[in-house]
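# Fold and geometry: a report
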Amino acid sequence: MDQHVTNELPKENWRMALAAKNCRIILRTVRHGTERILEGRMYLDGWKSQMFPVPVQKEGPYTYALLDDENAIIIDCESKEEHVIFPAKIAGRRVLAVSGLNCNEYVKCVTIEEGILQLCCDFMRYCGNLERIEIPSSLVRIAEGFCQGCFALQVFQVAENRFGFAAKDGVLFDQSGKYLLRYPPAREGDVYTIPSNVDKIWSDAFGGSVNLKKIIVPDGFEQIDEGAFRSSGIKTIELPATLKRIGKNAFEMSGLESVDIPDCVEQIGDSAFAYCTRLTEVKLPAALKTLGDFAFRDCRALFSLQLPEGLETLEGTFYECWDLEHVYIPASVTAIGKFAFAQENKEAVGPGMEPLTIHGEAGSFAEKFARERGLPFENGLWKETIQSHWVLEETAQEALAAAKEGDLITFGHYNQQVHRKQKDPVGWRVLKREQNHLLLLSEYCMEYGQFDSKQQNPLWENCELRDWLNGEFLEECFTETEKNAILVTTVRNMEPKDETRIFCLSVEEVEEFLKEQETRLVPLIPSARIWCGREGGMRWWLRTEGTENAAATIWYKGLIDTQGEPPAKNLGIRPALWLDLEKIA
């Protein structure tokens, strides 16, 4: 092969070069006067070609460029058909490679005809309704970024061949079956076992997998590759005892809730579990020697961690893990970076948050670190009986019956702790007492969500927030006896009147019962906080209609915003209800 491949090579060299599996081609179009020009660069066997400027032409929905008298590249397709076919010939030339078809909302099936050799970079990205891709036996290379963001994709179909690619149960592999390239995001089934002969996983191979909840990795696997499960929806994963390394970004932004890392793992790469906001439990391996920078960044649901002996340094490992309250640091650690933890000083701790407590051996670097940062230090591990400050004691029946305005009571149970697998008592502030009837307002924002995702002119009486409070929240939070004790209340949102059990306060009720701005400042419960990451005082919805298609809210500083926010925005949700004490006696 010549040192430089350009469009001046003999005609057959284009086909020969693109037929090489290790050949990749980067394309872009630029304006040259009134003409669009394709600029390409080819990479093969450690060298790169010179730029080859080629005029861009159109035929039907296809935009293409001629490489020579016999060969062409399709660089885009603007079809509005549900079934798009990329032809093997255009303008009488053989099509060697295809690109484009990005952000197409019409296509549901793509067929790549026999004879096409390559799918170039950024091919078929963010086609929201794409369900099926048919790949020919002639295809020898698929570039990175292929079908990224195609979350409706259900199946790959590959023509039988000896050299290109293969599909097994709709999942895309290389021909050997050892390289898992792409798992269709909308494939049916919530559990997937990776075939035993697989030894490598493509970056983002499981990205956007909406149905998949659990993955089983077979014995023999020694390394989870870079970005392998990034942006996947998996909640749990079974890792084999043979695993030694977890690559950088391997589980970044995934839906993991817990992970048991085998004891033989020695290395966890940079950002390996970053932004796993639902991750509540992590068991770190005894053999761990290297814990990468920002490995658990913004894992905001983590409550406690025990680091293994053998670790020597921590950099930005647990940065922005806001709910982390207890960390055991072994004596082997002798250096801790400035951004190792989210709460290295008490000023970073917002309302309703506890400072980070460092646990370790007396006289160790861990103790020195804690003293220098003004953090609490305790010798040894924390006790299993430690409970979060969010867990309230159950209000006794006598105290409930005697409750007066301003008291904090508990009523109902709700999953508020991301690190606990049980419901805890819900705290309510008594706003008003009328004989045996109490007007209650939740002490914290119980969820983080929209007023309504569809209404342009939001009205309380038919909004989605009202339906959720009186449906899912009511069922989840209260027993049948407790539900019967919640009064059906007539509330006003200007007109008409609305009869409901659970509601949001109005502007007038806030002005009457929460006169001081600081009494309106409340944080989200931890289980809701993982969705937004905000600490301290939270904006929350009121039921009063705002101006210009908005609903009124409470601002961060406790001010009432009568102008309001668009109903599709996510804010805190603070339920209110009237309780009949006689019905729970």
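It should be noted that the structure appears before, not after, this text.
Keep in mind it's a predicted model, so treat the numbers as computed, not measured.

Here the focus is the sheet that holds strand 19 (residues 200-201). The mixed open sheet is built from 4 strands, whose spatial order is 15-16-17-19. Strands at the two margins of the open sheet, each flanked by one partner only, are strand 15 (165-168) and strand 19. Where strand 16 (residues 171-174) meets strand 17 (residues 179-182), 2 bridges bridge the pair, whose relative direction is antiparallel. Looking across to strand 17, one finds that Phe173 is bridged to Leu180.

Before going further, it helps to spend a moment on the pairing of strand 14 (residues 155-158). It is a general feature of regular strands that their side chains alternate between the two faces of the sheet. Taking every second residue as pointing to the same face, the buried face of strand 14 carries Phe156 and Val158, while none of Val155 and Gln157 on the other face is buried. For strand 12 (residues 132-135) and strand 14, the ladder comprises 4 bridges, and the chain directions are parallel. When the sheet's bridge partners are listed, Arg132 is paired in strand 14 with Val155.

Here helix 2 (residues 365-373) has its buried residues at Ala366, Glu367, Phe369 and Ala370. For helix 2, the buried positions fall inside an angular range of 160° around the axis, keeping them on one side. Taken together, the buried residues of helix 2 touch strand 31 (335-336), strand 32 (357-360) and strand 33 (377-379). One or two positions beyond helix 2, positive phi appears at Gly374, with a value near 70°.

All right, on to the sheet that holds strand 45 (residues 576-580) then. Ordered in space as 34-35-36-45-40, the 5 strands form an open sheet in which the pairing is antiparallel. Strands with a single pairing partner mark the edges of an open sheet, and in this sheet they are strand 34 (408-414) and strand 40 (502-503). Both strand 35 (residues 424-434) and strand 36 (residues 437-442) contribute to a ladder of 6 bridges, which runs antiparallel. Its bridge partner lying in strand 36, Arg433 is registered against Leu438. Packed on one face of the sheet, helix 4 (residues 464-477) meets strand 34, strand 35 and strand 40 and runs near 90° to strand 34.

What follows concerns the pairing of strand 7 (residues 83-86). Only one face of strand 7 is buried: it carries Val84 and Phe86, and the other face, with His83 and Ile85, is open. Note that strand 7 and strand 10 (residues 109-112) share 4 bridges and pair parallel. Residue pairing for strand 10: Phe86 is matched across the bridge by Ile112.

So, about unusual backbone geometry. Of note in this structure, Met253 is not a glycine but carries a positive phi near 60°. A relative accessible area of 44% means that Met253 is categorised as partly exposed. With a phi close to 55°, Asp298 is a non-glycine residue in the positive phi region. Looking at the secondary structure, you find Asp298 in the loop between strand 27 (290-291) and strand 28 (304-306). Taking the relative accessible area as the measure of exposure, Asp298 reaches 8% and is therefore buried.

We now examine the environment of Leu311. When you line up the elements, Leu311 lands in the loop between strand 28 and strand 29 (313-314). Once residues within four sequence positions are removed from consideration, Leu311 is found in contact with Leu288, Lys289, Thr290, Leu291, Ser332 and Val333.

Enumeration over the complete set of coordinates arrives at 24 salt bridges. Measuring nitrogen to oxygen at the nearest pair gives 3.2 Å for the salt bridge that ties Glu134 to Arg132. Linking Lys283 and Asp263 is a salt bridge whose minimum nitrogen-to-oxygen distance equals 3.1 Å. Here Lys283 is found in strand 26 (residues 281-283), whereas its partner Asp263 is found in the loop between strand 24 (258-260) and strand 25 (267-268), with 20 residues between them in sequence.

Definitions and cut-offs
- Residues numbered from 1 in each chain as written.
- Predicted model: local features only at pLDDT ≥ 70, side-chain atom pairs only at ≥ 80, totals over all residues.
- Heavy atoms only, no water.
- Pairing = 2+ DSSP bridges.
- Helix = DSSP H or I, 4+ residues; strand = E, 2+ residues; numbered from the N terminus.
- Buried < 20%, exposed > 50% of the residue type's maximum accessible area, 1.4 Å probe, protein only.
- Arc of directions from axis to C-beta.
- Contact = heavy atoms within 4.5 Å.
- Axes fitted to C-alpha atoms, helices over the stretch in contact; angles between N-to-C directions.
- Salt bridge = Lys/Arg side-chain N within 4 Å of Asp/Glu carboxyl O.

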